[in-house]
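Structural features, examined
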Amino acid sequence: MNYAEMKPSEVRGLIRRGEITSPTSGMCAGYAQANLVILPKELAYDFLLFSQRNPRPCPILEVSDVGSRELSIMAKNADIAKDFPKYRIYEKGVLTGEYTDVEKFWRDDLVSFLIGCSFSFESELLETGVPVRHIEEGCNVPMYNTNIECAPAGVFSGNMVVSMRPIPYDQVIKAVNVTAAMPRVHGAPIHIGNPEQIGIKDIHHPDYGDSVTIRPGEVPVFWPCGVTPQNVIMNTKPDFVITHAPGHMFITDVKNIDLKY
């Protein structure tokens, strides 16, 4: 089935019915995708402040009403507890489980944050002829913990997570320009080239996602990643948080072009 050509509502329906549980890269071409953080209202202000201070890895697209599983901006008829292919639950900073539906964990005090995702700019890269290797290889994007410190806020602190795409040397400038025009989905790369400079010891063993081929004549290019909150959660250890599983995003009804400058 060609998920790239389907409408977001159609793919969300398949996800809600449990028929799609895989990473969403390449699905619903041209439509923005989003990361997820759900936490108790008592932590929501601190996380909002953390996101405001760290807009590159945590560009907020929408914040839900307290206790609501609906959205008012990024999608119609959505269910936050069912419309991601896979969720993670962290308790006191420890990953305690992955689920395709978190309805049974829902509480009236929960606030949901949708955060921009770099999957959103991949269709823009492809349209300009820039390759996206994990789509070519049918796997998840490689993601890495780094030594890049985020600005702390309230109880939240920790280092940035980045996603990596190998780009041919002669197309790096094009990739930078395409993504820089989309700051609400992470924008321009945070680092180009030597992974060790940002604390990545082995580029072939990502902390999240899958390893991809880096061909001769290509350079690894790193973008801020919406998995950063999960690294921060493991660092600061709040009692209860729900996130998406890395690579398993929410597909919005909003076109990528509407998130450009």
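Residues numbered from 1 in each chain as written. Predicted model: local features only at pLDDT ≥ 70, side-chain atom pairs only at ≥ 80, totals over all residues. Heavy atoms only, no water.

As for the pattern of salt bridges
The following threshold applies: Put simply, a salt bridge is a Lys or Arg side-chain nitrogen that is within 4 Å of an Asp or Glu carboxyl oxygen. To qualify as a helix, a DSSP run of H or I must reach at least 4 residues; to qualify as a strand, a run of E must reach at least 2; elements of each kind are numbered from the N terminus. For each residue, the accessible area found with a 1.4 Å probe, counting protein chains only, is set against the maximum for its type, and the residue is called buried under 20%, exposed over 50%, and partly exposed in between.
Scanning the entire structure with this criterion turns up 14 salt bridges. A salt bridge links Glu-103 to Lys-82, with the nearest nitrogen and oxygen atoms 3.1 Å apart. One end of the pair, Glu-103, is in the loop between strand 4 (94-99) and strand 5 (110-116); the other, Lys-82, is in the loop between strand 2 (60-63) and strand 3 (87-91), with 21 residues separating them in the sequence. The exposure class of Glu-103 is partly exposed, given its relative accessible area of 39%.

Quick word on helix 1 (residues 8-16)
Rules: In what follows, a contact means two residues having at least one pair of non-hydrogen atoms within 4.5 Å.
If you check which residues of helix 1 are buried, you get Pro-8, Val-11, Arg-12, Gly-13, Leu-14 and Ile-15. Packed against the buried residues of helix 1 are strand 1 (31-40) and strand 11 (250-255). Directly after helix 1, the chain includes Gly-18, whose backbone phi takes a positive value near 80°.

Here we look at unusual backbone geometry
Residue Cys-28 is not a glycine yet carries a positive backbone phi of 50°. As for its placement among the helices and strands, Cys-28 is situated in the loop between helix 1 and strand 1. A residue is classified by how much of its surface remains accessible, and Cys-28, at 0% relative accessible area, is buried. Positive phi, normally seen in glycine, also occurs at Lys-237, with a value near 60°. Secondary-structure assignment places Lys-237 in the loop between helix 6 (228-236) and strand 10 (241-244). Residue classification places Lys-237 among the partly exposed residues on the basis of a relative accessible area of 48%.

Description of the packing of helix 3 (residues 119-127) against helix 5 (residues 172-180)
Put simply, the rule reads: Axis definition: a line fitted to C-alpha atoms, over the contacting stretch in the case of helices. Angles run 0 to 180 degrees between N-to-C directions. Geometric relationships in this document are graded by angle, where less than 35 degrees denotes roughly parallel, more than 145 denotes roughly antiparallel, 65 to 115 denotes roughly perpendicular, and other angles denote oblique. Less than a right angle of anticlockwise turn of the near helix away from the far helix marks a crossing as left-handed, whereas a clockwise turn marks it as right-handed. Amino acids are sorted into nonpolar (Ala, Val, Leu, Ile, Met, Phe, Trp, Tyr, Cys and Pro), charged (Asp, Glu, Lys and Arg) and polar (every other residue, Gly among them).
Between helix 3 and helix 5, the shortest axis-to-axis distance is 10 Å and the interhelical angle comes to 130°. With respect to helix 5, the element helix 3 is oriented oblique. Note on packing geometry: the crossing formed by helix 3 with helix 5 is right-handed. Facing Phe-121, Glu-124 and Leu-125 of helix 3, the residues of helix 5 in contact are Ala-175, Val-178 and Thr-179. Of the residues in the contact of helix 3 with helix 5, the class split is 4 nonpolar, 1 polar and 1 charged.

Regarding a nonpolar patch on the surface
For clarity, the cut-off: Every patch collects residues that have over 30% relative accessible area and no salt bridge, joining them within 9 Å if they carry like charges and within 5 Å if they are nonpolar side chains (Val, Leu, Ile, Met, Phe, Trp, Tyr). Shrake-Rupley sampling with a 1.4 Å probe provides the accessible areas, and residues are treated as covered by the protein chains on show and by no other component.
Together, Tyr-45, Leu-48 and Val-63 make up an exposed nonpolar region whose accessible area comes to about 290 Å². Here Leu-48 is to be found in helix 2 (residues 41-53).

Notes on the sheet that holds strand 9 (residues 218-224)
Rules: Only when DSSP finds a minimum of two bridges between them are two strands counted as paired.
The strand order across the open sheet built from 4 strands is 6-7-9-8, with neighbouring strands paired in antiparallel fashion. Whereas interior strands pair on both sides, the edge strands pair on one side only; in this sheet they are strand 6 (143-149) and strand 8 (191-192). Where strand 7 (residues 159-168) and strand 9 come together, 7 bridges link them in antiparallel fashion. When the bridges of strand 9 are listed, Pro-166 appears paired with Pro-220. Strands in contact with helix 5 are strand 7, strand 8 and strand 9; relative to strand 9, the strand with the most contacts, it is inclined by about 15°. Seen against the sheet, helix 6 touches strand 6 and strand 7 and runs at an angle of roughly 150° to strand 7.

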